[in-house]
Amino acid sequence: NKDTLNNDVLIALATAKNRFFSSLLADVLNDALNSDPSGGGSLKRKVTAGSRIRSQAADLVATLKKCNPHYVRTIKSNDEKAANMIDDARVAHQCKYLGLLENIRVRRAGYSYRQYFDKFLKRFKYTCPATFPRPFKGSDKQACEAIMMNAQHVVPRDSWQLGETKIFVRNPQNIFALEDLREATFGTIVSKVQRAWHRYRNNREYILLKANNDRMYSKAGKQRRADSVFRPYQGDYLKYRSELTPMHPLVDFDPVADAWKEYWGDGGKKYYYNYISQVTLWEKPMEMEKQQRIFFSDKVDRVT
């Protein structure tokens, strides 16, 4: 087809103000202007419909050559073009004459999974300590062998082989087991990252807190003892002494004084025993006669 548009028609189309119309005919107008000397373009042969088809086909072939094609066998579910309806006899007939059953038998008799070493290593390197997190010192083939040897508990040794450029796995179940192992390994990696982050954050907060305490002591001209463990607060929390008087009986509690109990001996004589300090007295202790205000005691670690 060597039909071309007249120059008057091209000029009329070029003056169109409709954006959709201009974008639709942009290629035609550009080719016409480049081939027309009066339009300021170079002297070229006019582009025809046939030459345009040839150039587009050449571009398509060049693009396809850059890709790795995968062929997909399509099966027609029914002849009525109805949705959600499968004709078993029709599907079985197509599977038989397309040779799908023979392909599956050949795959099962040989190795169903075939992959290049670099791609296999990129996907399953996380499952082996020799390949992750540090890079493997060796070839991709040796790294794939290390991964499979590490996964012997899920992939038997007789179910895979190494070729010149690819690794071959016999059963699909072995690949599914490797995928499950990969997902489980990701959980372990995430836990390690979380622990490292929490450790870093806590250490940073401790360093900042220690720096603030040191700054406070140095500003006051004091220095904390290296062997000091307990340093009670001598101030007044929340105006405790002046406004929180009803809470004094609950807060000012001495567990050692409260641990004294009264007992009777075999001879009918009364004695007193403290089950915290494990002290026995014949006379009534002073802590039972009057309440003492003790804020801290080194006899017990915690009062519940």
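Because the structure is a prediction, the values reported are computed rather than measured.

For the rest of this paragraph, the subject is the overall build of the chain. Each helix and strand counted, the chain has 13 helices and six strands in total. The buried share of the chain, reckoned over its 304 residues, is 18%. Partitioning the intrachain contacts of the chain with sequence separation of at least 6 by distance along the chain shows that 39% fall at a separation of at least 24. Carbon and sulfur atoms provide 54% of the accessible area of the chain, an area that totals close to 24800 Å².

The strands making up a sheet associate through hydrogen bonds between their backbones, and the pairing can be parallel or antiparallel. Strand order in the open sheet formed by three strands is β4-β5-β6, with antiparallel pairing between adjacent strands. Strand pairing shows two members of the sheet lacking a second neighbour, β4 (260-264) and β6 (279-281), which therefore form its edges. If you compare each strand with its neighbour and ignore which way they point, the axes differ by 25° on average. Alignment of strand β5 (residues 270-274) against β6, held across three bridges, turns out to be antiparallel. Directly across from Y273, in β6, lies its bridge partner T280.

Attention now moves to the pattern of salt bridges. Inspection of the entire model under this criterion finds four salt bridges. With a closest N to O distance of 3.2 Å, D214 and K210 form a salt bridge. One end of the pair, D214, and the other, K210, are both in helix α9 (residues 172-219), four residues apart, so they sit about a helical turn from each other. Here D214 falls in the partly exposed class, since its relative accessible area comes to 40%. The shortest N-O distance in the salt bridge between E262 and K270 comes to 2.6 Å.

Let's shift gears to the side chain of N274. The topology assignment puts N274 in strand β5. Here the side chain of N274 touches S277 through a polar contact of 3.2 Å, landing on its backbone nitrogen.

Looking now at the nonpolar core. One recurring pattern in soluble globular proteins: nonpolar side chains tend to sit buried together. Core analysis: the largest hydrophobic core is formed by 19 residues, its most contacted members being F120, M148 and L178. The set of elements that each furnish at least two residues to this core consists of α7 (117-124), α8 (140-150), β3 (166-169) and α9. In terms of residues, this core owes the most to one element, α8, which gives five residues. If sequence neighbours within four positions are ignored, L178 has contacts with F120, F124, M148, A151 and V155.

Cis geometry is found at the peptide bond from F132 to P133, where omega equals 10°. Here P133 is to be found in the loop between α7 and α8. A positive phi is found at N84, a non-glycine position, where the angle reads about 55°. Its identity is not glycine, yet Q278 carries a phi of approximately 55°, on the positive side.

The strand order β1-β3-β2 describes an open sheet built from three strands, whose pairing is antiparallel. Looking at the sheet topology across the chains shown, the edges are occupied by β1 (113-116) and β2 (160-162). Mean inter-strand twist for the sheet, computed between neighbouring axes without regard to direction, equals 15°. Of the strand pairs in this sheet, β2 and β3 are connected by three bridges, and their pairing is antiparallel. Bridge pairing in β3 links W160 to V169. This element, α8, spans β2 and β3 of the sheet and lies at about 165° to β2.

How each quantity is defined
Residues numbered from 1 in each chain as written. Predicted model: local features only at pLDDT ≥ 70, side-chain atom pairs only at ≥ 80, totals over all residues. Heavy atoms only, no water. Helix = DSSP H or I, 4+ residues; strand = E, 2+ residues; numbered from the N terminus. Buried < 20%, exposed > 50% of the residue type's maximum accessible area, 1.4 Å probe, protein only. Contact = heavy atoms within 4.5 Å. Areas by Shrake-Rupley, 256 points an atom, 1.4 Å probe, with all protein chains shown as cover. Pairing = 2+ DSSP bridges. Axes fitted to C-alpha atoms, helices over the stretch in contact; angles between N-to-C directions. Salt bridge = Lys/Arg side-chain N within 4 Å of Asp/Glu carboxyl O. Polar contact = N/O pair within 3.5 Å; in protein donor to acceptor, adjacent residues only side chain to side chain. Core = buried A, V, L, I, M, F, W, Y, C linked by side-chain atoms within 4.5 Å.

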